[in-house]
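Descriptive structure summary
Below, each chain spelled out in residue letters.
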Amino acid sequence: MLVDRITPTRIRLEASSACQLRCPSCPTTTGDAAAVVGKGWLKFGDFRQLLDANPQLREIELSNYGEIFVNPELEAILEYAHARGVALFCDNGANLNDVSDAVLQALVKYGLRSMLCSIDGASQAVYESYRVRGTLATVLANIRRINALKQLNGSPYPALAWQFIVFPHNEHELPAARAMAAELGMEFRAKLRWDRDVREQYREQHGVDYMAGICTQLWLEPQVNWDGKVLGCCRNFWGEFGGNAFGDGLEAAVNGEKMRYARRMLQGAEPARADIPCTTCDLYRHRQQRQYWIKVTG
C-alpha cells in the first residue's frame, strides 16, 4: 500500500535562515534561497503554539540553511521544548561563531540532544577560505565551553560532532582536524561537497546518490521553514508545496495536495509534475533515471 499521508512525530523546523558567514557554495550566500526560504527566524510564539497543538511531536531538528544562534529567542525555544518533553537537535549544522554564554548554558541545561559543528579546516587560513568571516579560535573556545558545562552539570548533552566538508584546498588538514576532534571528544565526519562532478562520480561508483536519503524526509521528518512554510525536505530552497504549519495546522500542511503527490512521485506511482519542487531536483531526476523508487509501506 502506498503511503502518502502522515502524522509526524518528528519534523525539521528551521530556527533561523539568516547566517553571519558567507560560505561560497551555500544558497544563503549566493541568494538562491532568498525567494522561497527568505531571511528570518522562528518566533517563540509560533513554536509554542506548534507544540501545544501537536502533542504527538517528540523530536525537532532546528538547523538547515541558516545559523540557529542568530535566533534571539533560541533560549526560550530550548526551555519550552524541554518542559514539553520534546527533543531538539542541531544535526544539519551550526558554525558556532557568535553565541552568548547564556545560550551555551541553555544548550546543556535544556538538553539539546546533539549538534553538528561545521569546521572545514584545522587552521585559521584554511578554515576561513570556505567559512568566510569565521574565526576558528572562537569556534573551538565555544566547544570547550560546552564541554566544561557538560562536565559541570554531569550531562551527555549536547553530543558534539565535527563536520569537515572536503575540498581540494583543505583535504591535507583532514588528519589534523580528526585529531583535534578526538581531543575535544567529538565524533568526526568527513563530507563530500555538493559539486556536481564529485556527486556524479559517487553515483557512478555506488549506483545511488550520496544524499539519496534526504527524499525520505517527506515521510519521516518533513521540513518546515522558520515562517511555517512547508518545504518538504532540507534540500529544497527553490519551490513551495503550499500550506503553512502555523496557519493551517501541522498535519494539514504536511499533507497538502502537492506533498501527497510528491510522495507518490518518489514511490514511482505518479509521473513528474511541473509544479512539484521535486521535479527539478537532481536527487529525484537520478531516481527517475534509475527507477530507484522509495519503498514505504503502511
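It should be emphasised that the depicted structure is a prediction, and the values quoted were computed from it without experimental measurement. (Residues numbered from 1 in each chain as written. Predicted model: local features only at pLDDT ≥ 70, side-chain atom pairs only at ≥ 80, totals over all residues. Heavy atoms only, no water.)

Of regular secondary structure, the protein possesses twelve helices and eight strands. Taking 2.2 N^0.38 as the reference for a compact globule, 298 residues should give roughly 19 Å; the C-alpha atoms of the protein span a radius of gyration of 19 Å, in line with that estimate. Projected onto its principal axes, the C-alpha positions of the protein cover 50 × 45 × 35 Å. Looking at the protein residue by residue over its 298 residues, the buried ones come to 54%. Considering only residue pairs separated by 6 or more positions, the protein has 70% of its internal contacts joining residues 24 or more positions apart. Treating the 34 positive side-chain charges of the protein as one cloud and the 34 negative ones as another, the clouds have centres 3 Å apart. (Helix = DSSP H or I, 4+ residues; strand = E, 2+ residues; numbered from the N terminus. Rg over C-alpha atoms; globule rule 2.2 N^0.38 Å. Buried < 20%, exposed > 50% of the residue type's maximum accessible area, 1.4 Å probe, protein only. Contact = heavy atoms within 4.5 Å. Lys, Arg positive; Asp, Glu negative; His and termini not counted. Charge placed at Lys NZ, Arg CZ, Asp CG, Glu CD.)

As for its position among the elements, asparagine 225 is in the loop between strand E7 (223–224) and strand E8 (230–232). A distance of 2.9 Å separates a polar atom in the side chain of asparagine 225 from the backbone oxygen of valine 37. Apart from residues lying up to four places away in sequence, asparagine 225 is in contact with Leu13, Glu14, Val36, Val37, Leu231 and Phe246. (Polar contact = N/O pair within 3.5 Å; in protein donor to acceptor, adjacent residues only side chain to side chain.)

Read across the sheet, eight strands follow the order E6-E5-E4-E3-E2-E1-E7-E8 without closing on themselves; strand pairing throughout is mixed. Among the strands making up the open sheet, the edge pair consists of strand E6 (187–192) and E8. Here strand E4 (residues 114–118) runs beside strand E5 (residues 159–166); their pairing, made up of five bridges, is parallel. Within the sheet, the bridge partner assigned to cysteine 117 lies in E5 and is tryptophan 162. Sitting on the sheet, helix H2 (residues 44–53) touches strand E1 (10–13), strand E2 (59–61) and strand E3 (87–94), and the angle it makes with E1 is about 170 degrees. Helix H6 (residues 136–153) rests against E4 and E5 of the sheet, and its axis sits at about 160 degrees to E5. (Pairing = 2+ DSSP bridges. Axes fitted to C-alpha atoms, helices over the stretch in contact; angles between N-to-C directions.)

Membership of the largest hydrophobic core comes to 87 residues, with the highest contact counts inside it found for Ile60, Phe69, Leu88, Leu96, Met115 and Trp162. Counting residues per element, this core draws most heavily on H6, at six residues. Ignoring any residue separated from it by four or fewer positions in sequence, one finds leucine 96 in contact with Glu67, Phe69, Leu104, Met115, Cys117, Thr138, Val139, Asn142, Ile143 and Ile146. Membership of the second largest hydrophobic core comes to six residues, among which are Ala33, Tyr65, Leu231 and Phe237. (Core = buried A, V, L, I, M, F, W, Y, C linked by side-chain atoms within 4.5 Å.)

Looking now at empty space enclosed by the protein. Applying the stated criterion across every chain yields a total of one cavity of 30 Å³ or more. By volume, the largest cavity amounts to about 110 Å³. Taken together, 15 residues form the lining of the largest cavity, with Cys215, Leu218, Cys233, Cys278 and Cys281 sitting closest to its centre. Broken down by secondary-structure element, the contributors of at least two residues to the lining of the largest cavity are E8 and helix H12 (282–290). The class makeup of the residues in the lining of the largest cavity is 13 nonpolar, two polar and no charged. (1 Å grid on protein atoms, 1.4 Å probe; cavity = no way out; pocket = protein on both sides within 12 Å on 5 of 7 lines; lining within 4 Å. Points joined across faces, edges and corners; volume = space filled by probe spheres on them. Nonpolar A, V, L, I, M, F, W, Y, C, P; charged D, E, K, R; others polar.)

This is a description of form; function is not addressed.
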